[in-house]
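Observations on the three-dimensional arrangement
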Amino acid sequence: MKSSHEKLLIRPATKDDIGVIIAIARQTWPVAYKDILSPRALNYMLDHFYSPAALASQMDKGQQFFIAQLAGEYPGFASLGDLQNGTWKLYKLYVLPQYQKTGAGAALMLHAIDFVRAH
């Protein structure tokens, strides 16, 4: 973790960030789902939902992704989408294990809330 004087930035993600999103997912999913999914199921889910094509499709369909950035590192990401009836859904929020309990997840959630309120 970087020192506390460095500021966490939350920014919109683009297709150029797909590799970062995949890297975060591949590091967080085994920790988050180790007691729920078998290694085979975990790899299937990652390959299915976090392939470059799958993520690009999610973005093309209007899912908004945000990346947390801190001093050139990427602690986590979130995604949300409008369900077309004024209701928004948080689809994903993952923070790397070494950044959990640092406020990065809360910052992503608050950014998502602010985004929804503005839209």
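Presented here is an overview of the structure given in this document. Every chain is numbered independently, its residues counted from 1 as its sequence is written. Only residues with pLDDT of at least 70 are given local features in this predicted model, and only at 80 or more are side-chain atom pairs given and counted; all residues enter the totals for whole chains, interfaces and linings. In computing side-chain properties, one takes all heavy atoms of the structure into account and sets aside hydrogens as well as water.

1. Observations concerning the packing of aromatic side chains
Classification of ring pairs uses Phe, Tyr and Trp, with its six-membered ring standing for Trp, and accepts pairs whose centres are within 6.5 Å; under 30 degrees between planes counts as stacked, over 60 as edge-to-face, and the remaining range as tilted. Summed over all chains, the structure comprises 9 aromatic pairs. Residues F66 and F115 carry aromatic rings whose centres are separated by 5.2 Å and whose planes lie at 70° to one another, so their mutual orientation is edge-to-face. Of the two residues, F66 is situated in strand β2 (residues 64-70) and F115 in helix α4 (residues 104-118); the sequence distance between them amounts to 49 residues. Across the pair, exposure class does not vary: F66 and F115 are buried alike. Ring geometry for W88 and F115: centres 5.7 Å apart, planes at 85°, overall edge-to-face. Linking W88 in strand β4 (residues 88-95) with F115 in helix α4, this pair joins segments that are 27 residues apart in sequence. Each residue gets one of three labels from its accessible area relative to the maximum for its type: buried under 20%, exposed over 50%, partly exposed in between, using a 1.4 Å probe on protein chains only. Its relative accessible area of 18% is what places F115 among the buried residues. Taken together, the ring pairs in this structure connect W29, Y33, Y50, F65, F77 and Y94 into an aromatic cluster. For the purposes of this entry, the term helix denotes a DSSP run of H or I that reaches at least four residues, the term strand denotes a run of E that reaches at least two, and both are numbered from the N terminus.

2. As for the pairing of β4
One bridge is not enough; two strands pair if DSSP finds at least two bridges between them. Direction of pairing for strand β3 (residues 73-82) relative to β4: antiparallel, over a ladder of 7 bridges. Bridge pairing in β4 places G76 opposite V95. Once β3 ends, the chain turns through 5 residues before running back antiparallel as β4, passing Q84 with a positive phi of about 75°.

3. What to know about the packing of helix α1 (residues 18-32) against helix α3 (residues 52-60)
Lines fitted to the C-alpha atoms define the axes, with helices restricted to the stretch that makes contact. Angles between their N-to-C directions range from 0 to 180 degrees. Between α1 and α3, the shortest axis-to-axis distance is 10 Å and the interhelical angle comes to 115°. By the angle between their axes, α1 is roughly perpendicular relative to α3. The crossing of α1 and α3 is right-handed. For the pair α1 and α3, contact is made by I18, I21 and I22 and by P52, L55, A56 and M59, respectively. Classification convention: Asp, Glu, Lys, Arg as charged; Ala, Val, Leu, Ile, Met, Phe, Trp, Tyr, Cys, Pro as nonpolar; all other residues, Gly among them, as polar. For the contact of α1 with α3, the class distribution of residues is 7 nonpolar, no polar and no charged. Every angle not falling under 35 degrees, over 145, or within 65 to 115 is termed oblique; those three ranges are roughly parallel, roughly antiparallel and roughly perpendicular. A crossing counts as left-handed when the near helix is turned anticlockwise from the far one by less than a right angle, and as right-handed when that turn is clockwise. Throughout, a contact is declared for two residues whenever any of their heavy atoms are within 4.5 Å.

4. Digging into the pattern of salt bridges
Pairing is possible between side chains of opposite charge, provided their charged atoms come close. Each salt bridge in this description consists of a side-chain nitrogen of Lys or Arg and a carboxyl oxygen of Asp or Glu lying within 4 Å of one another. Evaluation of the coordinates by the stated rule reveals 3 salt bridges. Here R11 makes a salt bridge to D17, at a shortest N to O gap of 2.9 Å. Each member of the pair, R11 together with D17, is buried. D60 is the partner of K15 in a salt bridge, and the nearest nitrogen-oxygen pair spans 2.5 Å. Residue K15 is located in the loop between β1 (9-12) and α1, and its partner D60 is located in helix α3; the two are separated by 45 residues in the primary sequence. By relative accessible area, which is 56% here, D60 ends up exposed.

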